[in-house]
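# Per-entry structural report
Residues per chain, in single letters:
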There are 2 protein chains.
Amino acid sequence: MAVPDSIESECDVLIIGAGPAGLMLAAWMARCGINARIVDKRGTKIYNGQADGLQLRSLEIFDSFGFADRVWKEANHLLEFCMWNPGEDGLIRRSDRVPDVAPGLSRFTEIVLHQGRIERFFLDHIKKHSKDSLRVERGVLPEALEIDQDRIHDHSAGNYPITVQLRYLSEEEAMPVQSKGSAVNDGLFRSNLAEDDTEDLIANSRRNQGSTETVRAKYVVGCDGAHSWTRKQLGFQLEGEPTDHIWGVLDIIPITDFPDIRKRCAIHSADAGSMMVIPREKKLTRLYIQLTEIKPDASGRADRSKITPDTILKAAKKILAPYSLSYEYCDWWTAYQIGQRVGTNFDKDSRVFLAGDAVHTHSPKAGQGMNVSMQDSYNLGWKLGLVIKGIAEPSILKTYQSERRRIAKDLIAFDHKFSRLFSGRPAKDLMDEEGVNMEEFKQAFVKGNLFASGLSVDYGTSMLVGKPGDAVEQGDGTDVSSKTQVVGKQELATGLKLGMRFPSHQVINQSDARVWEFQQKLKSDGRFRIVVFAGNVASPQQNARLKAFCQRLSSSSLLAPHLVKTIDVLTLHSSKRIDVELLTDFPDVLHPFDSKTGWDYDSVYADDGNYYTPGADAYNKYGVDRETGCVVVARPDQYVGYIDTLDEAGVQGVEAYFAGILRT
Amino acid sequence: MAVPDSIESECDVLIIGAGPAGLMLAAWMARCGINARIVDKRGTKIYNGQADGLQLRSLEIFDSFGFADRVWKEANHLLEFCMWNPGEDGLIRRSDRVPDVAPGLSRFTEIVLHQGRIERFFLDHIKKHSKDSLRVERGVLPEALEIDQDRIHDHSAGNYPITVQLRYLSEEEAMPVQSKGSAVNDGLFRSNLAEDDTEDLIANSRRNQGSTETVRAKYVVGCDGAHSWTRKQLGFQLEGEPTDHIWGVLDIIPITDFPDIRKRCAIHSADAGSMMVIPREKKLTRLYIQLTEIKPDASGRADRSKITPDTILKAAKKILAPYSLSYEYCDWWTAYQIGQRVGTNFDKDSRVFLAGDAVHTHSPKAGQGMNVSMQDSYNLGWKLGLVIKGIAEPSILKTYQSERRRIAKDLIAFDHKFSRLFSGRPAKDLMDEEGVNMEEFKQAFVKGNLFASGLSVDYGTSMLVGKPGDAVEQGDGTDVSSKTQVVGKQELATGLKLGMRFPSHQVINQSDARVWEFQQKLKSDGRFRIVVFAGNVASPQQNARLKAFCQRLSSSSLLAPHLVKTIDVLTLHSSKRIDVELLTDFPDVLHPFDSKTGWDYDSVYADDGNYYTPGADAYNKYGVDRETGCVVVARPDQYVGYIDTLDEAGVQGVEAYFAGILRT
């Protein structure tokens, strides 16, 4: 066999790992038109098991890309959370029903859909939007990474300071090894009870004289999971300790007389351990089952060989008694050891980044894993896009670690508390101090839900968030302060919190009266949006004010042709739709004229209802004065960056905000 | 060139024509598992122009197949209808705004999406559900049809009384001929101003010695348009006369200062004719423009050569003055002569059927064409399915003509009136008796909208609709009376009209509290549904009543194993969800147990809200007593067939209803 040639190539962004975090980043690259590649060591997608919980913020993000509807339709919906605890007779009974997430947070509720389907929707989206036919290269893994320190600060177009050697596996080499002796798919090979296989894969391929490629990249993003190869090359650590708690997971079609099998449930048995019920699509239910009889050995690791679907089912039956439980169909099973760990660094030289499980691991029961991982790279993608296109200052890349490592730490603290309460034996009475108080568990669940929804994320001050305070304190310790800190006027829009996501309320299009969720107009297309809350345009006084604002805005350099793909203008007014006319009451800058296609009819909205849907009182919910309005800047990821008055000074404020971001 | 062999084959249903009517029928065939074929003389799909208006009932039907969401997302939505009339100065001004359709009729509103996309969704659906890989055979057309009269009453499985000779066109032969001298797609070749080309296609292929196939079929359905070849073979006529009104159509991206260009508008100019504005997807607008300067010649036909996009635009500019109108992009254009015609027969020997434009033609402006055509074959498909499978009496096939020809006649009457009012010059004053009174036009529009929605369809009594009265009088004159007429108890469900479609209201699933539109549970899968309005199950008295009803129902032959794909049971109760439990309060017949997958959790619903959505008061809207309930039978096409009491006598009534339908 001949020694194969190694080829060489260049790309702007190399993404390592095609799970949800990697695919989210690839989606951004496609939308921003960046020359990117994405590789994954596995030869095939994985079709069973894995993550499935989708939190509200993730659904809003999917909607911003345009495929939330596909997820929503296929998913199972979780509306109610039931708690089951031992009664005085020691048998479990339903003690509480609460909403799965607090009503009113979002137009979405929590849903469950297999990770493989989410990956499919990402792949379809990437294919649709990628000019360069960005696609996942499977059976390809990195074996060497080098950063040329002399060139990391050079942002000229032809500079590729990172070199990665890629190795191509044969089809056989790239197949995941299933554990022996089971006809059912199991996830133990990816569980934290198993060793990583990356080194073996590389060594094996070298023996087989597989082919390689040398890629020179501007940026590399490691989305390569808890055993992250990329993280190891950078010498970064995950900090934290495993616990003694071992849990099994069964994805089955349950045959049971347990009444709440189609609801999310937390079950604390008197002394057989705890179980969580997550009803899924296609009649499947996922059961998280505490394996109280299996303990870690001296090395701190549990013996995998003792864990089978049968041992897990036996444990589940004990917890669920006196209700029956059996199954004919098992789709997948696995086991894991609870532990919470967070990465010391998310970023090396603002050139190599880590996202997802590579920088935070925790227990899966709160349904956070896939969500926080995707939200990591959702935070990073548009920043990379703007920097690579030469539009934004490279310094904005530091906000990735500052914003996301802070979230990871919060997540780990939340999971630590929740896991402890859930794995603990219920207190027998008030004197039983070793037991877990079930009222405390309920309160932790309800409070934790807001965090788990992803909607409480509040990014600290930086060049991207114009709010008061100290950038180091509000983030993870990284210095992301702006050269010239601007501070938005929070009081002008009390329902739009600087640093938090732009919430959604229903509005109607001025031109055709169609109802939209306003957030749907903040698409993930890489653009900042200047949202003009135009106020009561039907009043002559406010109309004159709006015209003065628009005159100043239309002469601003922010609307120069080279920024048309970076900054967009969107308008929401508070008059009745029929009291104003698009062409006469709203200056052209709010609905630009094109010589080929006429005026734009999709950029001016009214806080009003139509014949079929009542008005939603959006101004009131956004906390904006109905008469005088204001101007708000939303980042490309829908987080509120800046707020100012609807006048010339407001335009100057917006210009000052962008001065801290855009390259001059 | 050798003479090709002619092959022979058999199929249950041969569908001629793959437009919306043909594809709707093919969708039913796929869902019912029938061995069908569908052929179309055109070699390719047509991508521009054609029909685009989608009425409420069509959307409900799409939803029953599961793809309304795709249509809804891509379509443009029409919410408001504006009327523009001449003012005292003779210039047009907006005189009225009204809702596009009356609020409260349906969860849908009117939308517009190109017919080609609708066909795509049908094709995807057929592919997904067809075991036998049913697919459109393009460039294939029939050239001979023969019915063996001796065998039309023999319904044994091996009897194929119809013989059709199919001819295969070459790729070139099957391409539609565009009119010369225009770079833009036009639809004149399909317009009623043009001759049909079927005979030419056949003659040409014969000269070229193209290949043929002899198909023996049980049933043939001609969905082959206004020039229907099938209709001609049967010797049936379209009755009606053309008018003198010639209209042009432009699909353009308009450049205009007309303020309502993104709303549906009817514009009557003082003396330049009328125009309808239909805003479409992708910034397109369709303009229907009256060509007052073009008149039919002595033969009754207009001269096609005088009609170009320029002449149509000039006419439009005159109507729209003083507003400007121009375009850079024209997607499609055509012209047509208004006329209303309806077929003398829809059915030959209950073996060959005609649907869609083959049996009714009219003007396109009310957006009815595609809708009524699809609803024709939606009415026919499940009946064919049940008869072919040997489950239903062949006599039910007569209800197709009885039900649909009646609708076609109503449609033609509606269109005649609407077209006359729209093509007429507006009255100058009350003394101007030749002119059209604009108030009369508005009233006709508002009244016509309910008809146009498709929701006022009210099928007459027959073996499929248990209501009082005379079957001949209530239909088109065909005798479809039942041997033993049963009459449902309309007073038990005053919001569910016998003969009308089952309206939709929101309900929640008993097992997981998820909100559904109840109509979504009446899927188009070929099954009748026994809808058990279980009443207040939390009351011990009603609970006992329900159990007695269920005991009788579970021993009924209607639930015998061979009918499991024909009759389904669906339950809606009126208690609070949390006051009852699925497994203990509802007998198994309402949520059957399966030894492999446990209980069914998708068949019992509550008239209740959840934490996120308030209750919709469905019992009240269905007009059903909250305490005592009732039982309702919905046909496979969602029309209400029968209503009775929730007791043993009610089960007997339901059995009597089915006795008139099912083969013994």
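Residues numbered from 1 in each chain as written. Chains lettered and ligands numbered in written order. Predicted model: local features only at pLDDT ≥ 70, side-chain atom pairs only at ≥ 80, totals over all residues. Heavy atoms only, no water.

## Observations regarding the overall build of chain A
Helices and strands together make up the secondary structure of chain A, namely 15 helices and 30 strands. Taken over the C-alpha atoms alone, chain A extends approximately 75 × 70 × 45 Å along its principal axes. A separation of at least 24 residues holds for 76% of the contacts in chain A among residues at least 6 apart in sequence. Counting only carbon and sulfur atoms, one obtains 49% of the accessible surface of chain A, whose full area is about 25,200 Å². Computed over 81 positive and 91 negative side-chain charges, the separation of the two mean positions in chain A equals 2 Å. (Helix = DSSP H or I, 4+ residues; strand = E, 2+ residues; numbered from the N terminus. Contact = heavy atoms within 4.5 Å. Areas by Shrake-Rupley, 256 points an atom, 1.4 Å probe, with all protein chains shown as cover. Lys, Arg positive; Asp, Glu negative; His and termini not counted. Charge placed at Lys NZ, Arg CZ, Asp CG, Glu CD.)

## Brief notes about the environment of B:H227
You can see B:H227 is positioned in the loop between strand 11 (212–222) and helix 6 (229–234). C-alpha of B:H227 to C-alpha of B:G158: the two residues are 69 residues apart in sequence and 32 Å apart in space.

## Observations regarding helix 8 (residues 369–388) of chain A
Note: α-helices contain 3.6 residues per turn, so residues at a spacing of three or four share the same orientation. All names here are of chain A. The end-to-end C-alpha distance of helix 8 is 29 Å, a good match for the 28 Å that 20 residues give at a rise of 1.5 Å each. For helix 8, the buried fraction is high: 19 of the 20 residues fall into the buried class. Count one or two residues on from helix 8 and you reach G390, which has phi positive near 80°. (Expected span 1.5 Å × (residues − 1). Buried < 20%, exposed > 50% of the residue type's maximum accessible area, 1.4 Å probe, protein only.)

## Regarding the interface of chain A and chain B
Taken residue by residue, the interface counts 49 residues in chain A and 49 residues in chain B. Interface area for chain A against chain B, summed over the two sides, is near 4,100 Å², with a carbon-plus-sulfur share of 53%. Looking at the side of chain A facing chain B, the largest losses of area belong to A:R514, A:Y611 and A:Y612, adding up to 17% of the total buried there. Across the chain A-chain B interface, the total number found is six salt bridges. Its salt-bridge partner being B:E581, residue A:R94 comes within 3.0 Å of it at the nearest N-O pair. (Buried area = accessible area lost by both parts, 1.4 Å probe. Salt bridge = Lys/Arg side-chain N within 4 Å of Asp/Glu carboxyl O.)

## Some thoughts on helix 5 (residues 198–207) of chain B
Residues and elements named next belong to chain B. Within helix 5, the full set of buried residues consists of T198, L201, I202 and S205. Each buried residue of helix 5 sits inside an arc of 95° when the element is viewed along its axis, so together they form one side. Opposite the packed face of helix 5, turned more than 90 degrees from it, sit the exposed residues E199, D200 and R207. Packed against the buried residues of helix 5 are strand 9 (140–147), strand 10 (162–168) and helix 6. Positioned one or two residues after helix 5, Q209 has a phi angle of 55°, which is positive. (Arc of directions from axis to C-beta.)

## Quick word on the UniProt feature "domain: Phenol hydroxylase-like C-terminal dimerisation" (unreviewed entry) in chain A
The UniProt feature table records "domain: Phenol hydroxylase-like C-terminal dimerisation" (unreviewed entry) at residues 457–662 of chain A. Taken end to end, residues 457–662 of chain A is 19% helix and 19% strand, and its first and last C-alpha atoms sit 25 Å apart. (UniProt positions renumbered as here; feature names shortened; annotations may be inferred.)

## Side note on the sheet that holds strand 12 (residues 238–239) of chain A
Residues and elements named next belong to chain A. Strands sit in the order 12-18-21 across an open sheet of three strands; the sheet is antiparallel. Either end of the sheet is taken by a strand with one partner, and the two such strands are strand 12 and strand 21 (360–361). Two strands pair when backbone bridges link them, and strand 18 (residues 341–343) and strand 21 are joined in this way by two bridges, in the antiparallel orientation. Bridging from a neighbouring strand, V342 pairs with H360 of strand 21. Contacting strand 18 and strand 21, helix 9 (residues 398–423) runs over the sheet at an angle of about 170° to strand 18. (Pairing = 2+ DSSP bridges. Axes fitted to C-alpha atoms, helices over the stretch in contact; angles between N-to-C directions.)

## Quick word on the state of the cysteines
All names here are of chain A. A full pass over the atoms with the stated rule returns zero disulfides over all chains. Left unpaired, C11 is separated from the closest cysteine sulfur, that of C223, by 13 Å. In this structure C11 comes out as buried when scored by relative accessible area, which is 0%. Left without a disulfide partner, C265 is nearest to the cysteine sulfur of C82, which lies 5.0 Å away. (Disulfide = S-S within 2.5 Å.)

## Focus: the pairing of strand 6 (residues 92–99) of chain B
Residues and elements named next belong to chain B. When strand 5 (residues 80–86) meets strand 6, the two strands line up antiparallel, connected through seven bridges. Note that in strand 6 the partner of M83 across the bridge is D96. Between strand 5 and strand 6, which pair antiparallel in sequence order, lie five residues; one of them, G90, sits at a positive phi of approximately 85°.

## Section: the confidence of the model for chain A
Confidence in the prediction for chain A averages 91 pLDDT; 95% of positions are at 70 or higher. For this predicted complex, the interface score ipTM comes out at 0.93, while the overall pTM is 0.94. (pLDDT = per-residue confidence, 0-100.)

## A short note on the packing of aromatic side chains
Counted under the stated rule, the structure contains 73 aromatic pairs over all chains. Relative to B:Y622, the ring of B:F533 has its centre 5.6 Å away and its plane inclined at 70°; by these criteria the two rings are edge-to-face. With B:F533 in strand 24 (residues 528–535) and B:Y622 in helix 14 (residues 618–622), this residue pair connects regions lying 89 residues apart in the sequence. Each member of the pair, B:F533 as well as B:Y622, is classed as buried. The rings of A:F81, A:W247, A:F414, A:F418, A:F422, A:F441, A:F445 and A:F451 are connected pair by pair, giving a single aromatic cluster. The positively charged end of B:K521 is found above the aromatic ring belonging to B:W516, 3.5 Å away from the centroid. (Phe/Tyr/Trp six-rings, centres within 6.5 Å; stacked < 30°, edge-to-face > 60°. Lys NZ or Arg CZ within 6 Å of the ring centre and 35° of its normal.)

## Notes on the sheet that holds strand 16 (residues 285–290) of chain B
One key point about sheets: their strands pair by backbone hydrogen bonds, in either a parallel or an antiparallel sense. All names here are of chain B. Strands sit in the order 6-5-14-15-16-13-17 across an open sheet of seven strands; the sheet is mixed. Since the sheet does not close on itself, it has two edges, and those belong to strand 6 and strand 17 (325–339), each with one partner. On average, adjacent strands in this sheet sit at an angle of 20° to one another, irrespective of strand direction. Pairing of strand 5 with strand 14 (residues 264–268), which is carried by four bridges, proceeds in the parallel orientation. Residue pairing across strands places C82 opposite C265, the latter belonging to strand 14. Here helix 7 (residues 309–320) sits on the sheet and contacts strand 6, strand 13 (242–256), strand 14, strand 15 (274–279), strand 16 and strand 17; the angle it forms with strand 17, its principal contact strand, is near 95°.

## What to know about the pattern of salt bridges
A full pass over the atoms with the stated rule returns 90 salt bridges over all chains. For A:R552, the salt bridge is made with A:E655, and the minimal N-O distance between the two is 2.7 Å. Pair noted here: A:R552 is in helix 12 (residues 540–554) and A:E655 is in helix 15 (residues 648–659), with a separation of 103 residues, a long-range link. With its nearest N and O atoms 3.0 Å apart, the salt bridge here joins B:R280 to B:D52. Of this pair, B:R280 sits in the loop between strand 15 and strand 16 while B:D52 is found in the loop between strand 2 (36–40) and strand 3 (53–54), placing the two residues 228 residues apart along the sequence. Under the relative-accessibility criterion, B:R280 is labelled buried at 1%. Residues joined in a network through salt bridges with shared partners are A:E80, A:R94, A:R97, A:D260, A:K263, B:R577 and B:E581.

## Comments concerning the environment of A:V537
All names here are of chain A. Summarising the element assignment, V537 is placed in the loop between strand 24 (528–535) and helix 12. Note: C-alpha distance between V537 and T212 (325 residues apart in sequence) is 63 Å. Discounting chain neighbours no more than four positions away, the residues touching V537 are Q542, N543, L546, H573, S575, V580, D585 and F586.

## Thoughts on the side chain of B:N159
Residue and element names in this part refer to chain B. The topology assignment puts N159 in the loop between strand 9 and strand 10. On the accessibility criterion, N159 (3% relative accessible area) is buried. Here D154 takes part through its backbone oxygen, which lies 2.7 Å from a polar atom of the side chain of N159. Once residues within four sequence positions are removed from consideration, N159 is found in contact with R151, D154, K218 and R351. (Polar contact = N/O pair within 3.5 Å; in protein donor to acceptor, adjacent residues only side chain to side chain.)

## Some words on the relation of the copies chain A and chain B
One copy of the chain maps onto the second through a rotation about an axis and a displacement along it. When chain A is fitted onto chain B, the two copies agree to an RMSD of 0.0 Å after a turn of 180° and an axial shift of 0.0 Å. Given the turn and translation reported, the copies of this chain are related as if by a two-fold rotation axis. Minimal C-alpha separation from the rotation axis in chain A is found for A:D69, amounting to 4.1 Å. Mapped onto chain B, 100% of the interface residues of chain A are again interface residues, and the two copies thus contact each other with one and the same surface. (Least-squares fit on C-alpha atoms with pLDDT ≥ 70 in both.)

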